[in-house]
Amino acid sequence: MRALLIVDVQNDFCPGGALEVPEGDEVVPVINNLVGAFDHVLQTQDWHPAGHQSFASSHPQHDPYDVIEVGYGEQVLWPDHCVQGTDGAAFHPDLDTTHTELVLRKGFRPEIDSYSAFFENDGETRTGLAGYLRERGIDTLYVCGLATDFCVKWSAVDGRAEGFDVFVVEEATRGIDQNGSLAQAWKEMNDAGVQVISAEAAR
Ligand code: VGL
Ligand code: ZN
C-alpha cells in the first residue's frame, strides 16, 4: 500500500514568504494532480512557537543562515517562519488538501528543530509517523513538497531507515540550496536508496 507525503507546502516557503523556496509554489499544481491517485495522502506542517531556537532572531549575535552548534549538533539559523497560527504557517491556498487524512505538525518544541517527518532533529524523538504508517499497512512512500534539501530529504532518508520504500517525485519538490545543499541532498537520498520518480510515473 502506498501513500503520498506532502511536506511543508506552506505560505512561508513559497515566493513572498518568510523563508521562500525559489519556485516553491510551482509544486502546487503538480501535487494537486497527484492526490487523487493515492489511497492515502498525508501532509506535514512546520509549526514553530514564536522565539523558536531555529530562528536567527533568537540569537542576537547571529544572522539568518549562520550555522551554530546546539545540543544535538549543527543548526542552521532561519528567518522567523511558520509561526503557529500565522498566515505564513498555513498551507498554500491553492493546495488541494481535501484528500489529506493526516496532518503531522513538527518543530513545535521551542528547543528542537524538526526537519524529518519521522524524527525531531535530536535524532531520537519520534513523531509517531512510522507507527501510523505501519498500522495502516503502508509500506511505500511518495514524498513531495518543500524543501528538497531539508525537510523532504530528511523525511525520505529517515523513511528508508525505518524500512519503507521511498520515492521522491522530482517535479513536485523544490530546494533552498544553501551552500550546495541541494546537490548534496540528492546524493544523500541516492546513497540511502531513495528513488527519484516523475509525477507521471507516480500517478
Ligand atoms: C524547512 C528549514 C526550516 C523545510 C523547515 O520545510 O524544509 N526548512 N524549517
Ligand atoms: Zn522550520
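Below, the structure is looked at part by part. (Residues numbered from 1 in each chain as written. Chains lettered and ligands numbered in written order. Predicted model: local features only at pLDDT ≥ 70, side-chain atom pairs only at ≥ 80, totals over all residues. Heavy atoms only, no water.)

**Here we look at the overall build of the protein**
Note the following rule: Going along the chain from the N terminus, every DSSP run of H or I of four or more residues is numbered as a helix, and every run of E of two or more is numbered as a strand. For a compact globule the rule gives 2.2 Å times the number of residues to the power 0.38, and the radius of gyration it is set against comes from C-alpha atoms. Buried residues are those whose accessible area, probed at 1.4 Å on protein chains only, stays under 20% of the maximum for their type, while exposed residues exceed 50% and partly exposed ones sit between those limits. All accessibility values rest on the Shrake-Rupley procedure with a 1.4 Å probe; residue burial counts only the protein chains present in the view. Charged residues are defined narrowly, with Lys and Arg counted positive, Asp and Glu counted negative, and His plus the chain ends left uncounted. All charge positions are set by atom: Lys at NZ, Arg at CZ, Asp at CG, Glu at CD.
Secondary structure summary: the protein contains five helices and eight strands in total. The order of helices and strands in the protein, counted from the N terminus, is β-α-β-β-β-β-α-β-α-β-α-β-α. Relative to its length of 203 residues, the protein is compact, with a C-alpha radius of gyration of 16 Å against a globular reference of 17 Å. Seen through its principal axes, the protein has C-alpha atoms that stretch 50 × 35 × 30 Å. Looking at the protein residue by residue over its 203 residues, the buried ones come to 52%. Split by element, the accessible area of the protein, about 8800 Å² in all, is 46% carbon and sulfur. Here the protein holds 12 positive side-chain charges and 34 negative ones, and the gap between their average locations is 8 Å.

**Some points on the site of ligand 1**
Put simply, the rule is: Throughout, near means a residue has at least one heavy atom within 4 Å of the molecule or strand. We define a polar contact as two N or O atoms separated by no more than 3.5 Å, with the added condition that, inside protein, one atom must be a possible hydrogen donor and the other a possible acceptor, whereas residues neighbouring each other in sequence contribute only through side-chain atom pairs. We call Asp, Glu, Lys and Arg charged. Ala, Val, Leu, Ile, Met, Phe, Trp, Tyr, Cys and Pro are nonpolar, and the rest, Gly among them, are polar.
In the vicinity of ligand 1, the residues found are Asp 8, Phe 13, Leu 19, Asp 46, Trp 78, His 81, Tyr 115, Leu 146, Ala 147, Phe 150 and Cys 151. The separation between an oxygen atom of ligand 1 and a polar main-chain atom of Cys 151 is 3.0 Å. Relative to its free-state accessible area of 260 Å², ligand 1 is covered by the protein chains to the extent of 100%. When the residues that make up the shell around ligand 1 are grouped by side-chain class, the tally is eight nonpolar, one polar and two charged.

**Re helix α3 (residues 148-161)**
What counts is decided by this rule: Whether two residues are in contact is decided by their heavy atoms: any pair within 4.5 Å suffices.
In terms of burial, α3 is a largely internal element, ten of the 14 residues being buried. Considered for burial, the residues of α3 that qualify are Thr 148, Asp 149, Phe 150, Cys 151, Val 152, Lys 153, Ser 155, Ala 156, Asp 158 and Gly 159. On its buried face, α3 is in contact with β1 (2-7), β4 (73-76), β5 (100-106), β6 (140-146), β7 (165-174) and α4 (181-191). A positive phi of about 95° marks Gly 163, the residue just after α3.

**Concerning the coordination of the zinc ion (ligand 2)**
Put simply, the rule reads: With water excluded from the atoms, a metal site may look incomplete; its donors are any N, O or S atoms within 2.8 Å, or within 3.2 Å for Na, K and Ca. By the criteria applied here, four donors are tetrahedral when all angles lie between 85 and 135 degrees, four are square planar and six octahedral when opposite donors are over 155 degrees apart and every other angle lies between 65 and 115, and any other arrangement is irregular.
The protein atoms that coordinate the zinc ion (ligand 2) are Asp 46 (OD), His 48 (NE2) and His 81 (NE2), at distances of 2.0 to 2.2 Å. Geometry at the zinc ion (ligand 2) is irregular, judged from its four donor atoms and the angles of 88 to 168° they form at the metal.

**Some details on the sheet that holds β5**
To keep things clear, this is the line we draw: Here a strand pair is declared whenever DSSP counts at least two bridges between the two strands. Only the stretch in contact is used when a helix axis is fitted, and all axes are lines through C-alpha atoms; the angle between N-to-C directions ranges over 0 to 180 degrees.
Strands sit in the order β5-β2-β1-β6-β7-β8 across an open sheet of six strands; the sheet is parallel. Of all the strands in the sheet, just β5 and β8 (195-197) have a single pairing partner and so form its edges. Here the strands of the sheet are splayed against their neighbours by 25° on average, with no regard to which way each runs. Taken strand by strand, α3 contacts β1, β5, β6 and β7, and its axis lies near 165° from that of β7.

**What about the environment of Lys 153?**
Along the chain, Lys 153 falls in helix α3. Separated by 122 residues in sequence, Lys 153 and Ile 31 have C-alpha atoms that sit 17 Å apart. Look past the residues within four positions of Lys 153 in its chain and what remains in contact with it is Ala 147, Thr 148, Ala 185, Glu 188 and Met 189.

**Details of unusual backbone geometry**
A cis geometry characterises the amide bond from Leu 146 onward to Ala 147, with omega recorded as -15°. By the element assignment, Ala 147 lies in the loop between β6 and α3. A positive phi angle is found at Asp 8, which is not glycine, with a value near 50°. Mapped onto the fold, Asp 8 is located in the loop between β1 and α1 (27-32). Given a relative accessible area of 0%, Asp 8 falls into the buried group. With phi around 60°, Glu 23 is a residue other than glycine that occupies positive phi space. Mapped onto the elements, Glu 23 comes out in the loop between β1 and α1. Residue classification places Glu 23 among the partly exposed positions, given a relative accessible area of 43%.

**Some thoughts on the pairing of β6**
Our working definition: Convention used here: a crossover is right-handed provided that the path from the first strand, over the helix, to the second strand proceeds clockwise when the strands point away from the viewer.
Within β6, seven of the seven residues are buried, which leaves it mostly tucked inside the rest of the structure. The pairing of β1 with β6 spans six bridges and is classified as parallel. Pairing of Leu 5 across the sheet is with Val 143, part of β6. Across six bridges, the pairing between β6 and β7 is parallel. Each residue of the ladder has a partner; that of Tyr 142, found in β7, is Phe 167. Handedness of the crossover joining β6 and β7 through α3 is recorded here as right-handed.

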